[in-house]
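A structural walkthrough
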Amino acid sequence: MLAPRVVVIGAGVVGAALVDELSARGWTNITLVDQGDLPAPGGSTSHAPGLVFQASGSKVMTDFARYTVEKLCDLDVDGEPCFLQVGGLEVATTPERLRELRRRQGWLTAWGVDSSLLDAQQTVDRYPLLDPAVVLGGLLVPTDGIAKAVRAVEAQTRRAVERGVTVLARHEVLDVTVSAGRVIGVRTDQGDLPADIVVCCAGIWGPLIAAKVGMTLPLTPLAHQLAWTAPLASLAGRTAEAVLPILRHQDQDLYYREIQDRLAVGYYGHRPMPVRAEDIARWDQAEPMPSVLQFTPADFDEAWKQTQALLPATRGTELERGINGLFSFTTDNMPLIGQSPDVQGFWVAEAVWVTHSAGVGRAVAELLIDGFCCSFDLHECDVNRFETHQLAPDYIRTRDCQNFVEVYDIIHPLQPAETLRPIRTSPFYARQTELGAVFLEANGWERPHWYGTNAGLVAGREVPTPDDWAGRYWSPIVAAEAKLTRESVAMYDMTALKRLEITGPGAVTLLQSLVTGNVDKSVGSVTYCLLLDVGGGIRSDITVARLATDRFQVGANGNLDLDWFRRRLPADGTVQVRDTTAGTCCIGLWGPRARDVITPLTETDFSHDGFKYFRAKQAYLGTVPVTAMRLSYVGELGWELYTTAEHGARLWDLLWDSGQAHGIIAAGRGAFNSLRLEKGYRSFGADMTFEHHPYEAGLGFAVNLDKGDFLGRDALLERKEKILRKLSCLTLRDDTRVVMGQEPVFAGSRCVGYVTSAAYGYTIGRAIAYAWLPASESEVGTEVEIEYFGERLAALVTAEPVVDPAMERIRR
């Protein structure tokens, strides 16, 4: 079979990496096209300072960076290296930043990158230009360094050309041609290029190219200042390009790299300077290149002041020149990778910095050739992850600018956005506000984390107080709400969870082909199951309720699930899929008194025998029509109650009024997280992702291998026999401590895994953490340690679930 014809738009470091990876796998019918001259076509690659710091709270971003480092270290152009591995040093000048460096080292350790925490003197010894009077410590990553981005473009395109790839410089893309919903070519100012696949790697021009096929990219080019000093006396005589590590001073939004006897100084502390992609100068009109704007010295004044404070050697010199260079920012700081939802064959690899470029190139090559990515977990990067409101121009520009401002800030994992709120509110919002709800954000939804009016419920309960970091976005009310759920009954707003409706005569056939469970059961059945990719990796975990012969309600995790189903709809129109989230709402009514609350409101049988676990019914609660599902993600008796938005407030009031005699409360997401971990319920995106398969994630029970073929089944049959790691339940020995997630786990001196999610278990009186561990370290009773901000906390691999393993409470 002949390889498809591929056109890659954009010959920066991402496009070059992609054609290199594709051609190395045997695809050579490829054309790489760019409007500029090569190997410096004038985009962000051409002026990028090239600093590669691998530390990130996102595992995939560190994985991308590590692969980029490894690949570039092996590349050269005529003997000149593509990577200068001088190391990377992050410096702390405040106690808060010093503590943050411990967290960042935890990430590096968890993701498998060697690093060292340095004291103040060690930091200055490693970077003698620092003022020892202001330095408190540092984080050193020996494998960090400087990517020679333009040289990397040349090295990778040379290899690709040797394999048969065509590279066309000075070809401006005018259009992407489409026929019958799929790409057929690329039109340039010098002729048409036929194509079966088009990949947009156009960087800051990405929104313009994507718009040619009707696709919105949530990407904003923003100017970022970079300046060069005059020669420094302390660096006089240096002939090597760089000897000192690259340096970050994040408290002041600064970074530095050596260029022989000078320093380059990068700065993020200035005002955001967004530029519309359509306003970027044309190649033939730009000086020196389209991605470089005129330097604005006033915006750099504070940077130079702080530089002289940190690096005394700069006090006797001045700045020689500077630029405002354009880079891409997105609304969630992650790349944009994947295929258009509407035009088959049009792919993007956008918002990728030099740091992650080779990794992204490999990932996209695997997607195109294999149909899935086995080297990286891409769930955070999929371009189809966004909700509709997140593609609004005002949202894109505002959030992208905010992310520029916060690029070096210390961000708490629960920290919500401060702008553009509220965007989405459930029908219960007014009632929740009256109850003193403290809202965090979930996909634009205002979601209560706890309720202030429950403060009186804390009295008389022993609630351990977490440390300052874990205690942010926390209240002892969370503990009271969790305990009251176990003791009586609570209402949870579940509206933010994605709901899909799949209908039509072919609905059951489609579902059977895509999910791991058997959903061809009686009307009223509810099935917990998984979506897998062709490699057997978990795409999502979902619940499928059969509400009629040809109508199913799917409880999904987000827009990626909607996209997954839409791409696989049969061409004959026998199946329709619809996102019903915005027009509906949901209350989780859970607790031992839940039946007492609901029974007086309905003539439908909600008894145990009349309404079995994992069953659904249509019913009326008073005048409110509901779809009731006997499910519980907190491990207590109860139901998920769905209705349309116009009935939402009435549903809340009915349940609230009926529950007064039974001690009902409204409870928030803080309690929910604690309770679901006590029951061992997984959360997709945290506990398991694309890189995991069901059997290692403890979800083998959701796979029915006997039902017939489904997507990923063949690969899963192979992978289930090779379980090398397991998602394991840990409990902390110290009943006063708690961790947050993403911490490294140690067995003796070896890092053997990392925490996925964690919370205090108020029912058992100690913290719970789920972690990926080698199978050899996952036996119940194994002692491990979790490193939390540099401190080792003893933990024990514990049988799960830690509450009600016999499932008696949920089935009463």
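Heads up: these notes are all about the structure in this document. (Residues numbered from 1 in each chain as written. Predicted model: local features only at pLDDT ≥ 70, side-chain atom pairs only at ≥ 80, totals over all residues. Heavy atoms only, no water.)

1. Considering the packing of helix H12 (residues 476-487) against helix H17 (residues 669-678)
As a packed pair, H12 and H17 sit with axes 8 Å apart at the nearest point and diverge in direction by 55°. Overall, the two elements H12 and H17 adopt an arrangement that is oblique. In this structure, H12 crosses over H17, and the sense of that crossing is right-handed. The segment H12 lies against H17, with Val478, Glu481, Ala482, Thr485 and Arg486 engaging Gly670, Ala671, Leu675 and Glu678. Grouping the amino acids of the contact of H12 with H17 by side-chain chemistry returns 4 nonpolar, 2 polar and 3 charged. (Axes fitted to C-alpha atoms, helices over the stretch in contact; angles between N-to-C directions. Helix = DSSP H or I, 4+ residues; strand = E, 2+ residues; numbered from the N terminus. Parallel < 35°, antiparallel > 145°, perpendicular 65-115°, else oblique. Left-handed = near helix turned anticlockwise from the far one by under 90°. Contact = heavy atoms within 4.5 Å. Nonpolar A, V, L, I, M, F, W, Y, C, P; charged D, E, K, R; others polar.)

2. Some words on the layout of surface pockets
Approximately 1400 Å³ is the volume found for the largest pocket. For the largest pocket, the lining is made up of 50 residues, of which Gln339, Ser340, Asn384, Asp563 and Arg567 are closest to its centre. Taken together, the elements giving at least two residues each to the lining of the largest pocket come down to strand S22 (336-339), helix H9 (357-370) and helix H14 (559-567). Among the elements that line the lining of the largest pocket, the one with the most residues is H14, at 6 residues. Taken as a whole, the second largest pocket holds about 630 Å³ of empty space. For the second largest pocket, the lining is made up of 40 residues, of which Gln35, Ala202, Gly203, Ile204 and Trp205 are closest to its centre. If you list the elements that add at least two residues to the lining of the second largest pocket, you get helix H1 (13-24), helix H2 (44-47), helix H7 (206-211), strand S21 (319-330) and strand S23 (346-350). Of the residues contributing to the lining of the second largest pocket, the split by class is 23 nonpolar, 11 polar and 6 charged. (1 Å grid on protein atoms, 1.4 Å probe; cavity = no way out; pocket = protein on both sides within 12 Å on 5 of 7 lines; lining within 4 Å. Points joined across faces, edges and corners; volume = space filled by probe spheres on them.)

3. Focus on the environment of Glu387
In this fold, Glu387 is placed in the loop between H9 and helix H10 (393-405). Along the chain, Glu387 and Gly558 lie 171 residues apart, while their C-alpha atoms are 8.2 Å from each other. The contacts of Glu387, once residues within four sequence positions are left out, are Arg424, Asn443, Lys498 and Asn559. Separated by 3.0 Å, the side chains of Glu387 and Lys498 make a polar contact. (Polar contact = N/O pair within 3.5 Å; in protein donor to acceptor, adjacent residues only side chain to side chain.)

4. Describing the pattern of salt bridges
For the structure on display, the rule yields 59 salt bridges. The closest approach of N and O atoms between Asp20 and Lys71, which form a salt bridge, is 2.7 Å. Of this pair, Asp20 sits in helix H1 while Lys71 sits in helix H3 (residues 59-73); the two residues are 51 residues apart in sequence, bridging distant segments of the chain. Across the pair Arg159 and Asp20 runs a salt bridge, and its minimum N-O distance is 2.7 Å. Residue Arg159 is found in helix H6 (residues 149-162), and its partner Asp20 is found in helix H1; the two are separated by 139 residues along the sequence. (Salt bridge = Lys/Arg side-chain N within 4 Å of Asp/Glu carboxyl O.)

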